[in-house]
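Structural description and commentary
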Amino acid sequence: MSAQFGGRTGLQGKLSQWLRAGRRPKETAGDGGREALLLAASDAGLPLAPAAHPAGYRCSCDRVGCPTPARHPVSFAWQTQSTTDHAQIERWARHQPQANFITATGMMHDVLDVPLDAGRDALERLLAAGVEVGPVAESDDGRMLFFTLTRGTPEDEDEWWPCELDCHPETMDEHPGLRWHCRGSYVLVPPARLPGEEQGVRWVRGPEHALPDPLSLLEVLTEVCGRYAGEDTGRAGEAAWPLRH
């Protein structure tokens, strides 16, 4: 599914300029780049809904000790609220200028979510092999997101893969390897801000790239994540060895 920009003159060129420049969400928010990137994501088939945003090092929500600050939807109805409609997204973006946005997975697209170092390694291998990777984002909390077509559609509900087979967004620490966001899950969509100085989520490969079949990426991502997990286990064992003797 390739991104169609609906005749918005010069938009794709501007997106390419912003992405090549590596501009952070904080910088694009002030010059109209935020809204253009959100609309480009919706054109690529990513349904969006408003999310919380940072309030200093805390979350903008009123939950004491929010476990996922600035990373969650603001409405419990986010699954039905999520939309690709330009007019609605523009209203949200203009009336909530500080808000992040999430994209609901499992309806139009899925996301393969991996540790950042493993994701960078896998991305290099996939591109070198000529695989059509599609949109990719990276987050300053140490994750890389590979956006893909979904494995099911509302018209074929029995084929939807429930997210419970993997994990929910708030259980990242319990699942350090590959996570498959599908039905019932969501991820932050760039540009997004995270608590802390200059922390955010940005596109590495923008939404103008066609969404690939997740199975075309899965083997390499699984292999690389397994290797990195093994290396981490090995380092942890080496560190613990002197303590046992």
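Residues numbered from 1 in each chain as written. Predicted model: local features only at pLDDT ≥ 70, side-chain atom pairs only at ≥ 80, totals over all residues. Heavy atoms only, no water.

Under an unreviewed UniProt entry, the name given to the chain is Bifunctional DNA primase/polymerase, and the organism recorded is Streptomyces indiaensis.

Things to note about the sheet that holds strand β1 (residues 48-51)
Strand order across the open sheet formed by 3 strands is β1-β4-β9, with antiparallel pairing between neighbours. Edge positions in the sheet fall to β1 and β9 (186-188), since each of these pairs with one other strand and no more. Between one strand axis and the next, the sheet turns by 35° as a mean value, whatever way the strands run. Of the pairings in the sheet, the one linking β1 to strand β4 (residues 100-104) comprises 4 bridges and is antiparallel in character. Residue pairing in the sheet places proline 50 in a bridge with phenylalanine 101 of β4. Taken strand by strand, helix α5 (residues 86-95) contacts β1 and β4, and its axis lies near 15° from that of β1. (Pairing = 2+ DSSP bridges. Helix = DSSP H or I, 4+ residues; strand = E, 2+ residues; numbered from the N terminus. Axes fitted to C-alpha atoms, helices over the stretch in contact; angles between N-to-C directions. Contact = heavy atoms within 4.5 Å.)

Describing the nonpolar core
Core analysis: the largest hydrophobic core is formed by 28 residues, its most contacted members being Phe147 and Val189. With 4 residues, helix α3 (residues 33-43) is the largest single contributor of residues to this core. With near-sequence residues (within four places) excluded, valine 189 lies in contact with Leu38, Ala41, Leu46, Leu48, Phe101, Ile102, Thr103 and Trp203. Of all hydrophobic cores here, the second largest spans 19 residues; its members include Ala122, Val136, Met144 and Cys225. (Core = buried A, V, L, I, M, F, W, Y, C linked by side-chain atoms within 4.5 Å. Buried < 20%, exposed > 50% of the residue type's maximum accessible area, 1.4 Å probe, protein only.)

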